[in-house]
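Analysis of the macromolecular model
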Amino acid sequence: MKFEGSHILSVNQFDRDSIEHVFHVANQMAPYAKRQKRTTVLDGAILGNLFFEPSTRTRVSFGTAFNLLGGEVRETTGMSNSALAKGESLYDTARVLSGYSDIITMRHPDSGSVAEFALGSRVPVINGGDGANEHPTQALLDLYTIQKELQYHGGNIDGLHIAMIGDLKYGRTVHSLSKLLCLFKNVRFTLISPKELAMPDAILSSIENAGHSYTISETLEGNFDADICYQTRVQEERFGSQEEANLYRGKFRLNQQIYTKHFQSKTVIMHPLPRDSRVEANELDNDLNMNPNLAIFRQTDNGVLVRMALFALTLGVESIISKFDK
Ligand code: CP
């Protein structure tokens, strides 16, 4: 895969070699992310960080990653604060904002919107989540985290058993992560969700076509020898009404007692976050916060490394960063 000057819109663009290259560059970012080293490699460069849907982690970590490489960030948040609310097209918005930026990151509530925007952009565009479709940078940071966590336990991604739990229909992170896992060998998927929120058939076909196996369950029962338990939130913003979303919120809770009952003592717990802390929903209980296998905040830290790597690669500076150390 050619990174320099390319948009990053979908995990479908990646093969195993390109993923390993991203992870190799991400590893090199650690001293900069910890502020043990500083670089000005992107001095004078501007990131246009456009978030037309709520975000905490993705928006701030994109900005942080760009700042850590020495660049500056211009942001717009919320549809109502942008000329999109006056009927401007994504194409025109892209033509304009790509004149103000060296690279653009974007989240939008509609599937396919970031790709549509990219058609009008004169600079690389990175998808920060488009509706229920994809969240490629989250999938890359999830996979990076999985690799690091498994290496800690002496394993690797080939042969992985992952349990995905919750809203597998609207959760774009599980769609993108599943597609990336299809690039590896002998992955087992256990997919646990209400049948109305099941993994889409297209993703199941991808899993089958890649020669992997999956089992589907509507309940969290029995013992899972899963290496990774990937919990998700009910994506209530994608339902027709709050009442409909309420039918599923709180259905698949994970707390220390349930974890001990159903999972191995070394099963790594992941969640893309945010987790819903409201008591009626709460799919990942605070009583897991001291569990050493809870990797959710290692995921968020890894997000900065992976996003730094993607900026460096798409702007073609990955091999000269240390020349700009100060
Ligand atoms: N995981 C994730 O996309 O979080 P935000 O919605 O806070 O960006």
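Residues numbered from 1 in each chain as written. Predicted model: local features only at pLDDT ≥ 70, side-chain atom pairs only at ≥ 80, totals over all residues. Heavy atoms only, no water.

1. A few points about the overall build of the protein chain
Helix and strand counts for the protein chain stand at 11 helices and 9 strands. For 326 residues, the compact-globule estimate of 2.2 N^0.38 gives 20 Å, and the protein chain sits close to it at 19 Å. In the protein chain, which comprises 326 residues, the share counted as buried stands at 54%. Of the roughly 14,100 Å² that the protein chain leaves accessible, carbon and sulfur atoms contribute 48%. Computed over 33 positive and 38 negative side-chain charges, the inter-centroid distance for the protein chain is 5 Å. (Helix = DSSP H or I, 4+ residues; strand = E, 2+ residues; numbered from the N terminus. Rg over C-alpha atoms; globule rule 2.2 N^0.38 Å. Buried < 20%, exposed > 50% of the residue type's maximum accessible area, 1.4 Å probe, protein only. Areas by Shrake-Rupley, 256 points an atom, 1.4 Å probe, with all protein chains shown as cover. Lys, Arg positive; Asp, Glu negative; His and termini not counted. Charge placed at Lys NZ, Arg CZ, Asp CG, Glu CD.)

2. Section: the packing of aromatic side chains
Tallied over the entire structure, the rule returns 9 aromatic pairs. Ring geometry for Phe 66 versus Phe 311: centroids 5.0 Å apart, planes at 85°, classification edge-to-face. Within this pair, whereas Phe 66 is found in helix H3 (residues 57-68), its partner Phe 311 is found in helix H11 (residues 296-314), the two being separated by 245 residues in sequence. Under the relative-accessibility criterion, Phe 66 is labelled buried at 0%. Here Tyr 259 and Phe 263 contribute two aromatic rings whose centre-to-centre distance is 6.1 Å and whose plane-to-plane angle is 20°, an arrangement assigned as stacked. Of the two residues, Tyr 259 and Phe 263, both sit in the buried class. Members of the aromatic cluster, connected to one another through ring pairs, are Phe 51, Phe 62, Phe 66 and Phe 311. Above the ring of Phe 62, the side-chain terminus of Arg 307 is found at 4.9 Å from the ring centroid. (Phe/Tyr/Trp six-rings, centres within 6.5 Å; stacked < 30°, edge-to-face > 60°. Lys NZ or Arg CZ within 6 Å of the ring centre and 35° of its normal.)

3. Overview of the sheet that holds strand E4 (residues 125-130)
In spatial order, the strands read E2-E1-E3-E4; together these 4 strands make up an open sheet with parallel pairing. Among the strands making up the open sheet, the edge pair consists of strand E2 (72-77) and E4. Taken over all neighbouring pairs, the strand axes of this sheet differ in orientation by 10° on average, direction set aside. In this sheet, E2 lies alongside strand E1 (residues 46-51) in parallel orientation, the contact comprising 6 bridges. Each bridged residue has a counterpart across the sheet, and for Phe 51 the counterpart in E2 is Thr 77. (Pairing = 2+ DSSP bridges. Axes fitted to C-alpha atoms, helices over the stretch in contact; angles between N-to-C directions.)

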